[in-house]
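Next come the chains, spelled out residue by residue.
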Amino acid sequence: MKYEHDFTIPSSPHELGNAYWFDGMRLSRAFCQRLPARVADLLEVALAVYAADRRSRRNFRGINTGQRHIHAKVSVSDPGLWNEPTMQSKLQEFLYWLSEDDWSLQFVQRRTLSGLTESGQFLFELPPEPPVTVSLFSGGLDSLAGFAACSREHQDGSFVLVSGYTNERLASLQRTQVQEIRKTLRARDSLATKPTICHIAIPFGLHKIKGQREEKGQRTRGLVFLALGAAAALQAEVNTLWVYENGVGALNLPINETQLGVDNYRGVHPRSLMMAETLFALALDQAFRIRNPFAFHTKAEMCRALKPAGLAHVVPHTVSCDSFPLRLHDRPSQCGYCTSCVLRRQSLLAAGLEDFDPGERYACDLIARRDNVETKRLFGLGEMQGQVYKLSRCLDSLDPWRSLTLMFPELYRAHAEVKRHHNLEADDARAQIVRLFRTYVRDWDLLPRPL
């Protein structure tokens, strides 16, 4: 399928290209300074790519593979930089990795001042107190658990939590979590100094076209979140963005043989973070780092930091469901049977936090009983258990690493990327990955057998 998109039509600041919108002024106001042109261009490119992705539906009928050929025309302040061959090559390579589509992007001179660099009233009188840690804060369980762990290690300075959202229900949960975090930190009387929490919630989305259906995969949304985080980090005058994601979810191995390519989300895969670092360095003309300190931890291991940090009570305000929010009247907003919900529940149980995650918060409770559950709703759980069985067989072999890479060839290349990204020796990287999956299998062993 071939698609062409022109995002160069002049429009108001909140209607960039008459296709997508984004409140970039929140970044400017939060840090008492306008967005530099290079940062604004990076955000505009990320939003344009996201819009083109959503507006280009895949076709799997007949002999079609679902791959798309997408051409987008985007206006930026420095088209020479974005049209430069090295930049084009790195951008196309990154987008192919995220979506496995053929991308062609043309950049032209912006005719009017971008709304992302306009002046306005600033939200805070002073910038965040150093040292500053900037991290993505999605509203999910991993971002809360990651913050819990890191806040205990760094108990002064400022934490800048960057949230992007496309619906108000998610934004409300993000705000509630931040409120509870602030209350908890204020109550820590034993701390001589207490970190400051700065929350920047940035709405973005597409302008709906009547009768047009959108691609649901959203494989490029990770680029938007990383670009938002990078912009916030640079505004805070730091060159590192922290991403809190468990290692099993980051590597995201296929749960069965039918999952190919972009059937698995790659937004926080080690390779994605490395490619984003390279792309951002070119776009921003300075070195930039993206770090995931939990690349070798399971979700359950991350969650075990919640109680010591006094944040376990915030768990009910997090979401993990692939279909959130479920729009069912007087029903829970999480399904309970998608693989993300299953992993969430398994992890909280393994971490001893099941009391903070009751089954009634899900439309379908697979932990308590499964005798009256529709067969199709058991698919995700069954496939995940099948994957765990394969992992355990590999780990019980005489050469666990060789067995793992034969069963999951994706791990062979991921190992090289993990080694480079985390500056590890080859043997150490292999040992860390083996330990990760060994711990993951043990976490699953703690899952009770329901009725």
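Residues numbered from 1 in each chain as written. Predicted model: local features only at pLDDT ≥ 70, side-chain atom pairs only at ≥ 80, totals over all residues. Heavy atoms only, no water.

Participant: How would you explain the overall build of the protein if you had to name every residue and give the values?
Facilitator: From N to C terminus, the protein includes 15 helices and nine strands. For the protein, long-range pairs separated by at least 24 residues make up 78% of all intrachain contacts whose partners lie at least 6 apart in sequence. (Helix = DSSP H or I, 4+ residues; strand = E, 2+ residues; numbered from the N terminus. Contact = heavy atoms within 4.5 Å.)

Participant: With reference to specific residues and values, describe the side chain of Asp 142.
Facilitator: Here Asp 142 lies in helix 5 (residues 141-153). For Asp 142, a relative accessible area of 6% gives the class buried. Among the polar contacts made by the side chain of Asp 142, one reaches the side chain of Asn 246 at a distance of 2.7 Å. Leaving out residues up to four positions away in the same chain, Asp 142 has contacts with Tyr 244, Glu 245, Asn 246, Lys 299 and Met 302. (Buried < 20%, exposed > 50% of the residue type's maximum accessible area, 1.4 Å probe, protein only. Polar contact = N/O pair within 3.5 Å; in protein donor to acceptor, adjacent residues only side chain to side chain.)

Participant: Account for the pairing of strand 6 (residues 158-165), with residues named and values stated.
Facilitator: The buried fraction of strand 6 is high, at eight of eight residues. Judged by which residues are buried, strand 6 turns out to be covered on both faces: Ser 158, Val 160, Val 162 and Gly 164 on one side and Phe 159, Leu 161, Ser 163 and Tyr 165 on the other are all buried. Bridge count between strand 5 (residues 132-136) and strand 6: five bridges; the pairing is parallel. Its bridge partner being in strand 6, Leu 136 is matched across the sheet by Val 162. For the segment spanning strand 5, helix 5 and strand 6, crossover handedness is right-handed. (Pairing = 2+ DSSP bridges. Right-handed = clockwise from strand over helix to strand, strands pointing away.)

Participant: Tell me about the packing of aromatic side chains, residues and numbers included.
Facilitator: Counting across every chain of the model gives eight aromatic pairs. Judged by centre distance (5.1 Å) and plane angle (80°), the rings of Phe 147 and Phe 159 are edge-to-face. Highlighted residues: Phe 147 in helix 5 and Phe 159 in strand 6, separated in sequence by twelve residues. Ring centres 5.8 Å apart and planes at 70° place the aromatic pair Phe 204 and Phe 225 in the edge-to-face group. (Phe/Tyr/Trp six-rings, centres within 6.5 Å; stacked < 30°, edge-to-face > 60°.)

Participant: Give a description of the nonpolar core that names residues and reports values.
Facilitator: If you look at soluble globular proteins, the nonpolar side chains tend to sit buried side by side. Phe 7, Leu 27, Leu 43, Trp 82, Val 134, Leu 226 and Phe 280 are the most contacted members of the largest nonpolar core, which totals 68 residues. Top contributing element to this core by residue count: helix 2 (residues 37-54), with eleven residues. Formed by 34 residues, the second largest nonpolar core is a distinct cluster that contains Val 373, Val 418, Val 434 and Leu 436. (Core = buried A, V, L, I, M, F, W, Y, C linked by side-chain atoms within 4.5 Å.)

Participant: How would you summarise the environment of Leu 279 if you had to cite specific residues and measurements?
Facilitator: By secondary structure assignment, the location of Leu 279 is in helix 9 (residues 270-284). Residue classification places Leu 279 among the buried residues on the basis of a relative accessible area of 1%. Placed 185 residues apart in sequence, Leu 279 and Phe 94 show a C-alpha to C-alpha distance of 8.2 Å. Leaving out residues up to four positions away in the same chain, Leu 279 has contacts with Met 87, Leu 91 and Phe 94.

Participant: Help me get a handle on the sheet that holds strand 3 (residues 69-76), residues and values and all.
Facilitator: The three strands lie next to each other as 1-3-4, forming an open sheet whose pairing is parallel. Two strands bound the open sheet, and with one partner strand each, they are strand 1 (2-6) and strand 4 (102-109). Strand-to-strand, the axes of this sheet are offset by a mean angle of 15°, without reference to chain direction. Here strand 3 pairs with strand 4 via eight bridges, running parallel. Residue pairing for strand 4: Ala 72 is matched across the bridge by Leu 105. Contacts between helix 2 and the sheet are confined to strand 1, strand 3 and strand 4, with strand 3 contributing the most and set at about 150° to the helix. (Axes fitted to C-alpha atoms, helices over the stretch in contact; angles between N-to-C directions.)

Participant: How would you summarise the side chain of Arg 68 if you had to cite specific residues and measurements?
Facilitator: Note on placement: Arg 68 falls in the loop between helix 2 and strand 3. A polar side-chain atom of Arg 68 sits 2.8 Å from a polar atom in the side chain of Asp 53. Apart from residues lying up to four places away in sequence, Arg 68 is in contact with Met 1, Tyr 3, Asp 53, Ser 56, Arg 57, Arg 58, Ser 99, Asp 101, Asp 102 and Glu 215.

Participant: Can you break down the confidence of the model for the protein residue by residue, with the values?
Facilitator: Overall, the prediction assigns the protein a mean pLDDT of 88, with 89% of residues at 70 or greater. In this model, residues 12-17 is a region of pLDDT below 50 whose contacts with residues beyond four sequence positions or in other chains number 17 contacts. (pLDDT = per-residue confidence, 0-100.)

Participant: Kindly report on unusual backbone geometry, identifying the contributing residues and their values.
Facilitator: Of note, Glu 100 is a non-glycine position whose phi angle comes to about 55°, a positive value. Tracing the backbone shows Glu 100 in the loop between helix 4 (85-99) and strand 4. In this model, Asn 252 sits at a positive phi of 50°, which is unusual for a non-glycine residue. Tracing the sequence through the fold places Asn 252 in the loop between helix 8 (247-251) and helix 9.

Participant: An account of the pattern of salt bridges is requested, with residue identities and associated values reported.
Facilitator: Overall, the coordinates contain 22 salt bridges when judged by the stated rule. The salt bridge partner of Arg 58 is Glu 215, with a shortest N-O separation of 3.9 Å. Here Arg 58, found in the loop between helix 2 and strand 3, pairs with Glu 215, found in the loop between strand 7 (196-206) and helix 7 (221-235); they are 157 residues apart in sequence, far enough to count as distant. This pair shows no difference in class: Arg 58 is buried, exactly as Glu 215 is. Note that Glu 168 is salt-bridged to Arg 175, the shortest N-O span being 2.5 Å. For Arg 175, a relative accessible area of 36% corresponds to the partly exposed category. Each of Asp 53, Arg 58, Arg 68, Asp 101 and Glu 215 takes part in a single network of salt bridges with overlapping partners. (Salt bridge = Lys/Arg side-chain N within 4 Å of Asp/Glu carboxyl O.)

Participant: Go over empty space enclosed by the protein, please, and point to the residues and values.
Facilitator: Over the atoms a probe the size of a water molecule is rolled, and this reveals where empty space is left. Applying the stated criterion to the full structure yields two cavities of 30 Å³ or more. Approximately 80 Å³ is the volume found for the largest cavity. Contributing to the lining of the largest cavity are 14 residues, with Ala 250, Pro 270, Asn 292, Ala 295 and His 422 lying nearest its centre. For the lining of the largest cavity, the elements supplying multiple residues, two or more each, are helix 8, helix 9, helix 14 (410-421) and helix 15 (426-445). Looking at the lining of the largest cavity element by element, the count peaks at three residues for helix 8. A per-class count over the lining of the largest cavity returns ten nonpolar, four polar and no charged. Considered as a void within the structure, the second largest cavity measures approximately 60 Å³ in volume. What lines the second largest cavity is simply Gly 336, Val 342, Arg 345, Gln 346, Leu 366, Ile 367, Arg 370, Leu 381 and Leu 447. With three residues, helix 11 (residues 339-350) is the single largest residue contributor to the lining of the second largest cavity. (1 Å grid on protein atoms, 1.4 Å probe; cavity = no way out; pocket = protein on both sides within 12 Å on 5 of 7 lines; lining within 4 Å. Points joined across faces, edges and corners; volume = space filled by probe spheres on them. Nonpolar A, V, L, I, M, F, W, Y, C, P; charged D, E, K, R; others polar.)

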